[in-house]
Amino acid sequence: MTRLSVEGAVCRHGLLTAVRGVSFALEAGEVLCVIGANGAGKTTLMRALAGAHPLAAGRIVLDGEDVTGLGTHARLRRGIAMSPEGRRLFPDMTVRENLMIAAENGRAGDWTLDRVLAAFDQLEPLLDRPAEKLSGGQRQAAAIGRALLANPDVLLLDEVSLGLSPAAVEGVYRALGEIKETRAMTMIVVEQDLTCALNFADRILCVTEGAVALEGRPDDFTRAEISNAYFGIHEKESADA
Ligand code: ATP
């Protein structure tokens, strides 16, 4: 069953077109990793999916229903939740308070505080700590936990490994891998680390200058094809090199 389809999405920042006619569709439980160089349009696309940035053209359809015109709160209620780039927790509030805000504003479901603490076991001793006192990895775990507490059908994770230590990256992906195995949640993950993206994704979508440069299963492409798409190198240029 198609859970989410994005049809010809175009997003602008003033005169700059950051997302140029992006289309893809995801089945329930599929994991898509979005890759691409700095400034390719990944964050703008994620914000558009979450309802935080308007589409200048195109449609976003969730479970057969056009949600293009809905803002972030309405999309959260329909089942799209995002953990944004920079993790954006409320810095003065404790981890528990940050998590409970999401639980209170999201949908009811299997993801309770206890389940989040079981998935990200480093969070339990930190519950009463202000978010500003967390390490990067702890902040990432709390931000993903917060998104999970909204009980989404579609979980959007922007820049999962950015700024984290290798051990923290491994911890976050271990937890995400367990969620992936349940096939209960569709995930779209922006990941700058190509190896992490290729290991985790069912499908990858590479964005170059706002447009889809390559899309498919990681095994469909050679590493060189993916790197070329990532850096916006066209076939002729790579043959000339
Ligand atoms: P990064 O990996 O650096 O975060 P990205 O792939 O997520 O990059 P976006 O942040 O979506 O890319 O940016 C896409 C384009 O839109 C870039 O050219 C960027 O400079 C521009 N842009 C992003 N946000 C704004 C904004 N608020 N105002 C104006 N231009 C913006």
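Scroll up a little and you will see the structure.
Residues numbered from 1 in each chain as written. Predicted model: local features only at pLDDT ≥ 70, side-chain atom pairs only at ≥ 80, totals over all residues. Heavy atoms only, no water.

J.: Honestly, the overall build of the chain in this entry has me stumped. Any pointers?
T.: Each helix and strand counted, the chain has nine helices and 10 strands in total. Scaling as 2.2 N^0.38, a compact globule of 241 residues should have a C-alpha radius of gyration of about 18 Å, and the chain matches this with 18 Å. Viewed in the frame of its principal axes, the chain has a C-alpha envelope of about 55 × 40 × 35 Å. When each of the 241 residues of the chain is scored for burial, the buried share is 50%. (Helix = DSSP H or I, 4+ residues; strand = E, 2+ residues; numbered from the N terminus. Rg over C-alpha atoms; globule rule 2.2 N^0.38 Å. Buried < 20%, exposed > 50% of the residue type's maximum accessible area, 1.4 Å probe, protein only.)

J.: What exactly am I supposed to notice about the sheet that holds strand β9 (residues 203-208) here?
T.: The pairing of strands in a sheet happens through backbone hydrogen bonds and is either parallel or antiparallel. Taken in spatial order, the six strands make up an open sheet running β6-β7-β8-β3-β9-β10, and their pairing is mixed. Every other strand in the sheet has two partners, leaving β6 (80-83) and β10 (211-216) as the edge strands with one partner each. Put simply, the sheet's adjacent strands are angled 15° from each other on average, direction ignored. As judged from the five bridges shared by β9 and β10, these two strands associate in the antiparallel manner. Its bridge partner being in β10, L205 is matched across the sheet by E215. Running over the sheet, helix α1 (residues 42-50) touches β3 (31-35), β6, β7 (154-157), β8 (186-190) and β9 and is turned about 145° from β6. On the sheet, helix α5 (residues 136-148) packs against β6 and β7 and is oriented at approximately 170° with respect to β6. (Pairing = 2+ DSSP bridges. Axes fitted to C-alpha atoms, helices over the stretch in contact; angles between N-to-C directions. Contact = heavy atoms within 4.5 Å.)

J.: Mind showing me how you'd approach the nonpolar core here?
T.: Nonpolar side chains in soluble globular proteins tend to be buried together. Within the largest apolar cluster, 52 residues are counted, with the highest numbers of intra-cluster contacts made by L123, L148 and L176. Among the elements that make up this core, the one with the highest residue count is helix α6 (residues 166-182) (seven residues). Leaving out residues up to four positions away in the same chain, L148 has contacts with W111, V116, F120, L155, I179 and M185. Of all hydrophobic cores here, the second largest spans 27 residues; its members include A40, L62, L205 and V207. (Core = buried A, V, L, I, M, F, W, Y, C linked by side-chain atoms within 4.5 Å.)

J.: What is the right way to read the state of the cysteines from this model?
T.: Each disulfide consists of one covalent bond between the sulfur atoms belonging to two cysteines. Tallied over the entire structure, the rule returns zero disulfides. Between C11, a cysteine without a disulfide, and C206, which holds the nearest cysteine sulfur, the sulfur-to-sulfur distance is 17 Å. Taking relative accessible area as the criterion, C11 reaches 0% and is therefore assigned buried. You can see C196 has no disulfide; the closest cysteine sulfur is in C33, sitting 8.8 Å from it. On the accessibility criterion, C196 (15% relative accessible area) is buried. (Disulfide = S-S within 2.5 Å.)

J.: For this particular structure, what's the right way to read the packing of aromatic side chains?
T.: One pair of aromatic rings is described through two measures. These are the centre distance and the angle between the planes. Inspection of the entire model under this criterion finds two aromatic pairs. The ring of W111 carries the charged tip of R115 above its face, separated from the ring centre by 3.9 Å. The lysine or arginine in question, K180, covers the ring of F200, its NZ or CZ lying 5.3 Å from the ring centre. (Phe/Tyr/Trp six-rings, centres within 6.5 Å; stacked < 30°, edge-to-face > 60°. Lys NZ or Arg CZ within 6 Å of the ring centre and 35° of its normal.)

That's the geometry; what it means functionally is another story.
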